[in-house]
Amino acid sequence: MAAYWSGPLLLLGLLILQSPSWAVEGGDAPPAVFFFGDSILDVGNNNYLNTKAKCNMAPYGVDFPGGKPTGRFSNGLNIADFLAMQVGLKESPPAFLSLSGQNFQKGPFSGVNFASGGSGILDKTGSNFGQNLPLSVQISHFNKVYNDFRIEVGEAHARAVLAESLIFISVGGNDIVQNFNPSTQMDQLVANLAVTYKAHLQKLYSIGARKFGILGLSKTGCIPVLRAQSKTGGCIEELNYVSQRFDNQVENMLRQLSSELRGMKYSLFVGTHLPEVAFYVS
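Quick caveat: nothing in here was measured; it's all calculated off a predicted structure.

Conventions adopted
- Per chain, residue numbering runs from 1 following the sequence as it is written.
- In keeping with the model being predicted, local features are shown solely for residues with a pLDDT of at least 70 and side-chain atom pairs are shown and tallied solely at 80 or more, while totals for entire chains, interfaces and linings include all residues.
- Think of the side-chain values as coming from all heavy atoms in the structure, minus any hydrogens and water.
- Any two rings among Phe, Tyr and Trp, with Trp reduced to its six-membered ring, count as a pair given centres within 6.5 Å; such a pair is stacked if its planes are under 30 degrees apart, edge-to-face if over 60, and tilted if neither.
- Secondary structure elements are taken from DSSP: a helix is a run of H or I of four residues or more, a strand is a run of E of two residues or more, and numbering for both begins at the N terminus.
- Whether a residue is buried, partly exposed or exposed follows from its accessible area with a 1.4 Å probe, protein chains only, as a fraction of its type maximum: under 20%, in between, or over 50%, in that order.
- As a reminder, the over-ring test applies to NZ of lysine and CZ of arginine, requiring each to be within 6 Å of the ring centre and within 35 degrees of the ring normal.
- We call a pair of cysteine sulfur atoms a disulfide whenever their separation is within 2.5 Å.

Enquirer: Just checking my understanding: could you explain the packing of aromatic side chains for this structure?
Expert: Geometrically, a pair of aromatic rings is defined through the distance of the ring centres and the angle of the planes. The final tally for this structure, using the stated rule, is seven aromatic pairs. Aromatic side chains Tyr-197 and Phe-246 sit 6.5 Å apart centroid to centroid with 5° between the ring planes, which places their arrangement in the stacked category. Taken as a pair, Tyr-197 in helix α7 (residues 187-207) and Phe-246 in helix α9 (residues 237-260) lie far apart in primary sequence, 49 residues in all. Classification of Tyr-197 as buried rests on a relative accessible area of 1%. Exposure remark for Phe-246: the relative accessible area of 1% places this residue in the buried category. Within the aromatic cluster, the residues linked to one another by ring pairs are Phe-34, Phe-36, Phe-96, Phe-114 and Phe-142. A cation over a ring is seen here: Arg-210 above Tyr-205, with NZ or CZ 3.7 Å from the ring centre.

Enquirer: Please explain the state of the cysteines as it appears in this structure.
Expert: A covalent bond between the sulfur atoms of two cysteines is referred to as a disulfide. Inspection of every chain in the model, using the stated rule, returns one disulfide. Linked covalently through their sulfurs, Cys-222 and Cys-235 form a disulfide whose S-S length is 2.1 Å. Across the disulfide from Cys-222 to Cys-235, rotation about the S-S bond amounts to roughly 115°, and the bridge is consequently right-handed. Of the two residues, Cys-222 is situated in the loop between β5 (211-215) and α8 (224-227) and Cys-235 in the loop between α8 and α9; the sequence distance between them amounts to 13 residues. As far as the burial class goes, Cys-222 and Cys-235 line up, both buried.

This is how it looks when you write it as structure tokens:
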């Protein structure tokens, strides 16, 4: 089953993918939610790593409840927080590295956030900043969390819970930005990223995940840090083109994958369709 939305309709689409048991009857708990990817979804994992990619200092968090930095790459709540609230959770699932030494055999099993700022699809991405949790490592941590839960509740129940859980992923932007070279052909990089991304999704599926909310790239060439390096202050259109090529590859990959993997459902948000004005700040 495939779904393709942009903007606020993404959230509606993701809600449609959820189990109707709690959404309709309202008596059951919301599904567990798991976040993977980069700084778009990181809620504090990088606080525990030796990296320059940290946001646990002012002015980050100035608009977060309490006005303190949390490690989110944001002035306040980030996308992970809003998505968690949309599916009915009272608060965003905690950063995995904040739970050191804790097992996950006791409920309630509401989810965990594995996202790490600076990370990517490729293991080497972001290493110039120091440590991060590449997507492959995030999935390994997820497998540990699931195994702890499975030991406590049994194989059948654990698989049933995971099959109804939501998997949100935002990744790929760092891979493209850090490997971008306007003087070389980028199609090979994009193809390699799509193939590697597919393998990561297949691993998640093999563990038991079935419902995926995939956040594609925005117009990467228009993000403020890159525009600040431009002589004109404008967007880097070549980078936007590569980002769009990546989104197209991911869309095709997801369509193929969902036809191959029984029970896989996904919703894809493609940010490269957003107007450039959305990336301009004063």
